[in-house]
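Structural characterization, general
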Amino acid sequence: MAEEVETNETAPKKGGKNLMLIIIVVILVLLLVVGGLIAFLALSGDEEPEVAGGAQAQQQQVAQQAVPMKQPGKRSVDYMNMGPIYPLEQFVVNLLSENGSRYLKTKIDLEQSAETLTPELDKKKALLRDIIIRTLSAKTYEEVSTSKGKDRLKDEIVNQINEVLADGYIKNIFFTDFVVQ
């Protein structure tokens, strides 16, 4: 009888190993779910959530109407009240790629906040072209080939140009020609 008790105590517990295996599986599943959620949020993070509720929508519209002269935020999508257009010459740049075989040819027009911005744009034309060339050449084909990618590119260019302007701001830019080879 004493011998039976000793063998039971020295035998490994199978229930403990199963419990440990279950805990490891649960942790791995949780890590996969969290990783998937982070990847989803990172890929769709540029989209703005829709505003729910009438009061919040009205507050947002009032805030958009009372925009100061310098607008550091998003591009304007108010196509009913477009500002003066400042055309730029054509751009031809190499897109970022391993073998350098992709080219982008585009023509861009800038929508100004007011006509008084034109003299400053004339003065800073070389700087504007440099900003646009550096921005375009830092992109890959995959980044500029989709509609969403073009919108991100527009936002980036508008924000970078607005950082160097003092007499007004660029409301939006328009690609009037866009060819990738």
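So, here's what we can say about the structure. Here the structure is a predicted model, which means the values were calculated and not measured.

The subject of this paragraph is the overall build of the chain. The number of helices and strands found in the chain is seven helices and four strands. Moving toward the C terminus, one meets the helices and strands of the chain in the order α-α-α-β-β-β-α-α-α-α-β. Every one of the 181 residues in the chain was classed for burial, and the buried ones make up 24%. For the chain, the accessible surface area stands at approximately 12,700 Å², while carbon and sulfur atoms represent 60% of it.

What follows is about the nonpolar core. Core analysis: the biggest nonpolar cluster contains 23 residues, and Leu-110, Ile-161 and Ile-170 have the highest contact counts within it. Setting aside its immediate chain neighbours within four residues, Leu-110 contacts Pro-84, Ile-85, Tyr-86, Leu-88, Leu-128, Ile-161, Ile-170, Asn-172 and Ile-173.

Here the focus is the pattern of salt bridges. A full pass over the atoms with the stated rule returns six salt bridges. Across the pair Lys-124 and Glu-120 runs a salt bridge whose closest N-O atoms are separated by 2.8 Å.

Glancing now at helix 7 (residues 147-162). An α-helix turns once every 3.6 residues. As a result, residues three or four positions apart point the same way. Here helix 7 contains 16 residues, and its C-alpha end-to-end distance of 23 Å stays within 8% of the 22 Å for a straight helix at 1.5 Å per residue. Buried residues of helix 7: Gly-149, Leu-153, Lys-154, Asp-155, Ile-157, Val-158, Ile-161 and Asn-162, and no others. Against the buried residues of helix 7 lie strand 3 (103-112), helix 5 (125-137), helix 6 (141-144) and strand 4 (170-180).

Here we take up the pairing of strand 3. Across the ten residues of strand 3, seven count as buried, placing the element largely inside the fold. Relative to strand 3, strand 2 (residues 91-94) runs antiparallel, the two sharing four bridges. Its bridge partner being in strand 3, Phe-91 is matched across the sheet by Thr-106.

This paragraph deals with helix 5. The first and last C-alpha atoms of helix 5 sit 18 Å apart over 13 residues, in line with the 18 Å expected at 1.5 Å per residue. Against the buried residues of helix 5 lie strand 2, strand 3, helix 4 (118-123) and helix 7.

Among the surface-exposed residues, Leu-19, Met-20, Ile-23, Ile-24, Ile-27, Leu-28 and Leu-31 lie close enough to one another that they form a single nonpolar patch of about 680 Å² accessible area. Its place among the elements puts Leu-31 in helix 2 (residues 14-43).

What counts, and where the lines are drawn
Residues numbered from 1 in each chain as written. Predicted model: local features only at pLDDT ≥ 70, side-chain atom pairs only at ≥ 80, totals over all residues. Heavy atoms only, no water. Helix = DSSP H or I, 4+ residues; strand = E, 2+ residues; numbered from the N terminus. Buried < 20%, exposed > 50% of the residue type's maximum accessible area, 1.4 Å probe, protein only. Areas by Shrake-Rupley, 256 points an atom, 1.4 Å probe, with all protein chains shown as cover. Core = buried A, V, L, I, M, F, W, Y, C linked by side-chain atoms within 4.5 Å. Contact = heavy atoms within 4.5 Å. Salt bridge = Lys/Arg side-chain N within 4 Å of Asp/Glu carboxyl O. Expected span 1.5 Å × (residues − 1). Pairing = 2+ DSSP bridges. Patch = residues over 30% accessible without salt bridge, like charges linked within 9 Å, V, L, I, M, F, W, Y side chains within 5 Å.

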